[in-house]
Amino acid sequence: MEFLTSLSEGWQFSIQIAIVLVCLFYGAKKGGIALGMLGGIGLIMLIFGFHIQPGKPAIDVMLTILAVVVASATLQASGGLDVMLQIAERILRKNPKYVSILAPFVTCTLTILCGTGHVVYTVLPIVYDIAIKMVYALSARWLQARFHRRWVLSQVQFRLLLLH
């Protein structure tokens, strides 16, 4: 592997980028645990092939993710998430006309309270249901108004024919 370190910096960088991209794309294609394994294999290739020193692990990021996951799991297990979803559903169902305005505020509030945006997935079916019911209600009103207008016009025309 000595020949890799004897190359110019430009060639080394190009080969390193190629190794990283090949590992990422192939791992993404295989999916699941293969992505992590191929990322590790790429890291091993860079460490031993190019003598690159690995950086320090991002402990702060890992601890933050752990705290959010534990808090969300606790919220789910204690039933707090269900209570927050019931409140959100009540707010959205009371004001179905404003679902396109209220839904982002409700989901943003849930994200802030829970610490993760993944709780929004539970609100999406509620928003969908309200929006679909509004579309049906509006289309029914539109059709009703259209046919009522035609009926009125036909009555006016009939009466005009009777007068002449």
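The structure under discussion appears in the preceding block.
The structure displayed is predicted, hence computed values, not measured ones.

1. Topic: helix α2 (residues 9-30)
Okay, so step 1: Between the first and last C-alpha of α2 there are 31 Å, a value that for 22 residues agrees with the 32 Å anticipated at 1.5 Å per step.
Okay, so step 2: Listed as buried for α2 are Q12, Q16, I19, C23 and G27. Summarising the axial view, the buried residues of α2 lie within an arc of 60°, below the 170-degree limit, and thus occupy one face. Residues W11, F13, V22, F25, A28 and K29 are exposed on α2 and point more than 90 degrees away from its buried face.
Okay, so step 3: Elements in contact with the buried residues of α2: α1 (2-5) and α3 (33-50).
Okay, so step 4: A positive backbone phi angle near 80° is found at G31, which sits one or two residues after α2.

2. Let's talk about the packing of α2 against α3
Okay, so step 1: Direction vectors running N to C along α2 and α3 enclose 165°, while the axes themselves pass 7 Å from each other. What the angle tells us is that α2 and α3 run roughly antiparallel. Of the two possible hands of crossing, α2 and α3 adopt the one that is right-handed. Facing Q12, I15, Q16, I19, V20, C23, L24, Y26, G27, A28 and K30 of α2, the residues of α3 in contact are A34, L35, L38, G42, M45, L46 and F50.

3. Quick look at the nonpolar core
Okay, so step 1: Core analysis: the biggest nonpolar cluster contains 15 residues, and L81, L92, L110, V123 and V127 have the highest contact counts within it.
Okay, so step 2: Of all the elements in the fold, those that place two or more residues in this core are α5 (80-94), α6 (99-114) and α7 (124-163).
Okay, so step 3: Core analysis: the second largest hydrophobic core is formed by six residues, L4, I19, C23 and L46 among them.

4. Concerning a nonpolar patch on the surface
Okay, so step 1: A cluster of nonpolar side chains, namely F13, I17, V20, L21, L24, F25 and L35, defines an oily patch on the protein surface of about 650 Å² accessible area.
Okay, so step 2: It is α2 that contributes the most residues to the nonpolar patch, six residues altogether.
Okay, so step 3: Its place among the elements puts L21 in helix α2.

Rules used throughout
- Residues numbered from 1 in each chain as written.
- Predicted model: local features only at pLDDT ≥ 70, side-chain atom pairs only at ≥ 80, totals over all residues.
- Heavy atoms only, no water.
- Helix = DSSP H or I, 4+ residues; strand = E, 2+ residues; numbered from the N terminus.
- Expected span 1.5 Å × (residues − 1).
- Buried < 20%, exposed > 50% of the residue type's maximum accessible area, 1.4 Å probe, protein only.
- Arc of directions from axis to C-beta.
- Contact = heavy atoms within 4.5 Å.
- Axes fitted to C-alpha atoms, helices over the stretch in contact; angles between N-to-C directions.
- Parallel < 35°, antiparallel > 145°, perpendicular 65-115°, else oblique.
- Left-handed = near helix turned anticlockwise from the far one by under 90°.
- Core = buried A, V, L, I, M, F, W, Y, C linked by side-chain atoms within 4.5 Å.
- Patch = residues over 30% accessible without salt bridge, like charges linked within 9 Å, V, L, I, M, F, W, Y side chains within 5 Å.
- Areas by Shrake-Rupley, 256 points an atom, 1.4 Å probe, with all protein chains shown as cover.
- Salt bridge = Lys/Arg side-chain N within 4 Å of Asp/Glu carboxyl O.

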